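# Residue-level structure breakdown
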Amino acid sequence: MSESSSKTTLEAGEIARFLSYLAILAASVVLFVSAGTIPSSRFETLGAGAFPRFVYGAICLVAVIAIADGLRKISRNSWAHFGAETFAWAKRSRLVFVCLAAFAIYIVALPILGFSIASFIFVLSLQIILMPRRPVSILVAIVVALTFSFGLNWLFAEVFTVFLPRGVM
C-alpha cells in the first residue's frame, strides 16, 4: 500500500468517525429532549427526567468536543476521497448488504408465511448465495434448511409447547 493510499484511507476513517460523532450528537439531543417529557411524581424535586438529561447532556458535550477535534484533523480535499472510499468499501462488503436485505425480507415475510416456510426460504436462499453451488452442497443446504425451519418448529411445538408464528397463508 502506498503512502498516499494509506493517508487517504486514514482520512476516510476520520470522516467516518466525524459522521458517527454527528449521529451520536443528534441521537443524544433527541433523547435529551424526550427525557424532559418523562412524567414525575410530587416526591421528586428534580423530576424523573433529570438524571437522563444530565447523562444525555454530557454525551452531547463530549460529542461536540469530538466533532470539533474531528474537523481539525480532516483536510479539505479528504471529502472527495471519502465518497470513493465509501463506495469501494460498500462494493467489498456487498454480501453483508445482501444478508441484511434477506433478513429484512425474512422479518417482513415471517408473519405472512409463518415460521416454517419463511425460515426455510431464508436459510436456503442465504446458503445458496453464500456457498459454492455443487449438487452435494445444495443437497446439504436443503437438509439444513428443512432442519432449521420445519424441524425447529416441530421441536418448539411438541417439546417446549411454544408455538411459533403460523402465518396467514
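For the structure, see preceding data.
Residues numbered from 1 in each chain as written. Predicted model: local features only at pLDDT ≥ 70, side-chain atom pairs only at ≥ 80, totals over all residues. Heavy atoms only, no water.

### Side note on the overall build of the protein
If you tally the helices and strands in the protein, you get six helices and zero strands. Seen in sequence order, the protein has helices and strands lined up from the N terminus as α-α-α-α-α-α. Whereas a compact globule of 169 residues would reach a radius of gyration of roughly 15 Å, the protein reaches 25 Å, over 25% beyond that. The buried share of the protein, taken over its 169 residues, is 25%. The contacts of the protein with a sequence gap of at least 6 include a subset with a gap of at least 24, amounting to 64%. (Helix = DSSP H or I, 4+ residues; strand = E, 2+ residues; numbered from the N terminus. Rg over C-alpha atoms; globule rule 2.2 N^0.38 Å. Buried < 20%, exposed > 50% of the residue type's maximum accessible area, 1.4 Å probe, protein only. Contact = heavy atoms within 4.5 Å.)

### Considering the nonpolar core
Soluble globular proteins tend to pack their nonpolar side chains together in the buried interior. Core analysis: the largest hydrophobic core is formed by 13 residues, its most contacted members being Tyr106, Leu110, Phe115 and Phe122. Elements with a contribution of two residues or more to this core: helix H4 (94-113), helix H5 (115-130) and helix H6 (135-158). Looking at this core element by element, the count peaks at six residues for H5. Those residues within four positions of Tyr106 in sequence are excluded, and the remaining contacts are Phe115, Ala118, Ser119 and Phe122. Within the second largest apolar cluster, nine residues are counted, among which are Cys60, Ile67, Ile74 and Phe82. (Core = buried A, V, L, I, M, F, W, Y, C linked by side-chain atoms within 4.5 Å.)

### Details of H4
Note that an α-helix has 3.6 residues per turn; residues three or four places apart therefore point the same way. Helix length check: H4 (20 residues) gives 27 Å between terminal C-alpha atoms against 28 Å at 1.5 Å per residue, within 8%. The largest bend in H4 comes to about 30 degrees, at Ile107, with the proline Pro111 one to four residues further on. Of all the residues in H4, the buried ones are Ala102, Tyr106, Ala109 and Leu110. On its buried face, H4 sits against H5. (Expected span 1.5 Å × (residues − 1). Bend = angle between axes of the 7 residues up to and from the residue.)

### A word on H6
Here H6 spans 33 Å end to end across 24 residues, near enough to the 34 Å set by a 1.5 Å rise per residue. Gly151 marks the point of greatest bend in H6, at about 30 degrees. Looking only at H6, the buried set comprises Ser137, Ala141, Ala145, Ser149 and Ala157. In the core, the buried residues of H6 are packed alongside H5.

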